[in-house]
Amino acid sequence: MEDKILFPKIGGFVHGGDYNPEQWLDRPDILEKDVEMMKKAGINSASLGIFSWSVYEPREGEFHFEWMESIIDRLYQNGIYTVLSTPSGARPAWLDEKYPEALRVDKTGLRAHHGGRHNHCMTSPVYREKVAILDRKLAERFGSHPGVILYHISNEFSGECFCPLCTRKFRTYLAEKYDHDIDKLNAAWWTRFWSHTYNNFEQIEPPFANGETSVMGLNLEWKRFTTWNTNDFMKHERDVLRSITPDIPVTTNFMRLFGGLDYRKMAPDLDVISWDNYPLFHNDQETLGDTMDETAFQHAVIRSLKRDKPFMMMESAPGLVNWQAVNKVKRPGVHKLACLQAIGCGSDSVQYFQWRKGRGSYEQFHGAVVDHLGTDDTRIFREVAEVGQLLRKIAPAAGTIVQPKAALLFDWDNRWALEDVKALARDTKKYEETCIDIWKAFFRLGMDMDVVGSDEDLSRYDVVIAPMLYMLQPESARNLTAFVERGGQLLATYCTGYVDSEQLCFLGGFPGDGLKNLFGIISEEIDSLYPSDRNGIALPDGNRWEVRDYAEILRVQDAEILGVYTDDFYAGKAALTCKNHGKGNAYYIAARTDAVSMLPLFRQMLHNAGIPVKELPDGVEYHLRSGRECCYAFYLNRTDHMVEIPGVRGVDLVTDAVIEDNLLLPAFGVAVVRTSAT
Ligand code: GLA
Ligand code: ZN
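*Asks:* Please provide a residue-by-residue account of the site of ligand 1, values included.
*Replies:* As a matter of local geometry, ligand 1 sits amid Phe51, Arg117, Asn155, Glu156, Asp276, Tyr278, Glu315, Trp323, Phe353, Glu363 and His366. In the model, an oxygen atom of ligand 1 is placed 2.6 Å from a nitrogen or oxygen of the glutamate 156 side chain. Glutamate 315 is positioned with one of its side-chain polar atoms (N or O) 2.5 Å from an oxygen atom of ligand 1. Here ligand 1 loses 96% of its free accessible area of 310 Å² to cover by the protein chains. The cavity that encloses ligand 1 is the largest pocket. Across the shell around ligand 1, the residue classes tally to 4 nonpolar, 2 polar and 5 charged.

Written out as structure tokens, the structure is:
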């Protein structure tokens, strides 16, 4: 067994999902049948209690846990482990009635009414106290149960609260950050502009919709605070659990590249990273391949939050969801493909929302393993059971990890600063899209890339792409320089190094903080193009890359010019440069082009780094998980026809076949080929 395996008790991949027995307490026959059906589907875990508060504590101080105990017991007796949640994602009515301070206040200053979920004030002492009481009781009652393997804190943290308690906490947070010195804050926020100078921290309000939204520092600090405060709430719950059962790991379920929270700040405080994966399968905008590429990127974002162990796919839809504009069912075979993609990207779990469809309310028609029909012979059930079998076959790969040699830099701070900056073009900043576009181009070359922060250690990578790194963290420039000096291949783009982490512009030329010397250029102007405007970059090999949206005009100091603009008043000026630092190269592309056009450049960078490009037939997705003794190559055929993949050697754990050269994969087929670790 690999040493990084998340749950030795399970000894392989986790297969399970959200299970809501509290909705069926008056149907013991159904609860009994559930366990039988779970076994048939190869389910080995259930996530329990996510929204159970009103059943645990129907009235303030009146607790009932016996119902849950019998569920956990029965599951355990049948080989099914429990992921135990804290139910803080939704509040019972009695709590909001008695303690309205727990209700969130929106950016117009309006306090919410009772209802919905994920909408409490993260600061409210009463709310924290009520949550802690319940969490403590849960840990005391169930923490020593041999079936409980993981705590799942709350659910999909999100949102901001503008209530007086949060406002006060924000002020304290700022005072601590700026050493209780309001002048430091004024300087960092450049508040003499428009006469916005503060006299003291008490004058500061969050950026209310009808209040102060023109101080960029305030806007960004509010977002940072929201992450900090949400994480503070998460840690409050975690610490209660840990004080009783320190050995049970904790997670909370993230949501892809969610814009509201900087997950990288939360990750170190969790034992396991998990996320909820809901791709828009079979939509009318893109191909299945595009959808899967984007999903692979999202997996990479999550994987990179803790690079040295597997992550978990805490939720996914077995069939369809109920909240998209069009709730289309997954086509036959696609479920298996999506699940194996998660595993190939480094997940050690396939979990669903939800095990069984409820009869009423908001999610009554959300897909589930068990339909209202209630039988185990539906298409969805069969496909889930097939995945269950498959996960058992490939169990030796559990605990291995994906270790790419290439990384893409993505910072939440940078994203927030770019969204807010009054510059460039309002509708085409497209920071996330640009990152995803580049990531996908590398993926086409058979390369998984990590997605890491600009202030993170880059020593494990040979190729690093830093798209639109407008804001530099204090460590970013030093990191990037060290990376190139060590022989790394770096590509930065237009919009690099304009501001520091307070959003103050660098003086003396962009990119600032020493990066001018790294790249050997200064960006003197940036031209924003109208959506229909085009320019081009002419390359020495005769190719021309189309330019849209942004074009910087460079002063080249001591870099080599690899490409020049073709049009407009800056025709002939540098658009692609490279400055050599021994074995390392610092490339700079001054304009936006399609990442696919840049493939020759990416190939060159990989070649410089000595990383072989994997040539794959169209429609085949590839990942590599490595362990101490073995490596596992994942091949996914995303097409509806047979494909042949040459140059594959090893044992396919899916079919047990020994592959000596050509791997044949049927439509939507998957292979997990084991070789010894090199
Ligand atoms: C989220 C939530 C779940 C459920 C699903 C539906 O991921 O965490 O409780 O509502 O969405 O897709
Ligand atoms: Zn609040």
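What follows continues from the structure just given.
*Asks:* Quick one: what's the story with the pattern of salt bridges, residue by residue and with numbers?
*Replies:* Within this structure, the stated rule accounts for 48 salt bridges. Across the pair aspartate 371 and lysine 357 runs a salt bridge, and its minimum N-O distance is 2.7 Å. Taken together, the positions of aspartate 371 in the loop between strand 9 (347-352) and helix 12 (379-393) and lysine 357 in the loop between strand 9 and helix 12 put the pair 14 residues apart, joining distant regions of the chain. The partly exposed category is assigned to aspartate 371, whose relative accessible area is 28%. Residue classification places lysine 357 among the buried positions, given a relative accessible area of 11%. Linking glutamate 383 and arginine 379 is a salt bridge whose minimum nitrogen-to-oxygen distance equals 2.9 Å. With glutamate 383 and arginine 379 both in helix 12, this residue pair falls 4 residues apart, about one helical turn. In this structure arginine 379 comes out as partly exposed when scored by relative accessible area, which is 28%. If you follow the salt bridges from partner to partner, you end up with Lys177, Glu221, Arg224 and Asp413 in one network.

*Asks:* How would you explain the sheet that holds strand 22 (residues 630-637) if you had to name every residue and give the values?
*Replies:* Here we have 5 strands laid out as an open sheet, ordered 21-22-27-24-25, and antiparallel in their pairing. Across the chains shown, the open sheet's two edge strands, defined by having one partner strand only, are strand 21 (620-626) and strand 25 (658-659). Across 7 bridges, the pairing between strand 22 and strand 27 (residues 670-676) is antiparallel. Bridge pairing in strand 27 places phenylalanine 634 opposite valine 672. Of the strands in this sheet, strand 21, strand 22 and strand 27 are in contact with helix 11 (residues 334-344), which crosses strand 22 at around 150 degrees.

*Asks:* Explain empty space enclosed by the protein to me, and be specific about the residues and the numbers.
*Replies:* For the structure on display, the rule yields 3 cavities of 30 Å³ or more. Space inside the largest cavity adds up to approximately 70 Å³. Forming the boundary of the largest cavity are Arg104, His120, Met122, Gly159, Glu160, Cys161, Cys166, Trp222, Phe225, Thr226, Asn229 and Thr230. With 5 residues, the top contributor of residues to the lining of the largest cavity is helix 8 (residues 216-244). The volume enclosed by the second largest cavity comes to roughly 40 Å³. What lines the second largest cavity is Gly16, Gly17, Tyr19, Met38, Ile43, Ser45, Ala46, Tyr352, Trp355 and Val369. Listing elements by their share of the lining of the second largest cavity, those giving two or more residues are strand 1 (14-19) and strand 2 (45-48).

About the criteria used
Residues numbered from 1 in each chain as written. Chains lettered and ligands numbered in written order. Predicted model: local features only at pLDDT ≥ 70, side-chain atom pairs only at ≥ 80, totals over all residues. Heavy atoms only, no water. Near = heavy atom within 4 Å. Polar contact = N/O pair within 3.5 Å; in protein donor to acceptor, adjacent residues only side chain to side chain. Areas by Shrake-Rupley, 256 points an atom, 1.4 Å probe, with all protein chains shown as cover. 1 Å grid on protein atoms, 1.4 Å probe; cavity = no way out; pocket = protein on both sides within 12 Å on 5 of 7 lines; lining within 4 Å. Sits in = over half its atoms within 2 Å of the grid points. Nonpolar A, V, L, I, M, F, W, Y, C, P; charged D, E, K, R; others polar. Salt bridge = Lys/Arg side-chain N within 4 Å of Asp/Glu carboxyl O. Helix = DSSP H or I, 4+ residues; strand = E, 2+ residues; numbered from the N terminus. Buried < 20%, exposed > 50% of the residue type's maximum accessible area, 1.4 Å probe, protein only. Pairing = 2+ DSSP bridges. Contact = heavy atoms within 4.5 Å. Axes fitted to C-alpha atoms, helices over the stretch in contact; angles between N-to-C directions. Points joined across faces, edges and corners; volume = space filled by probe spheres on them.

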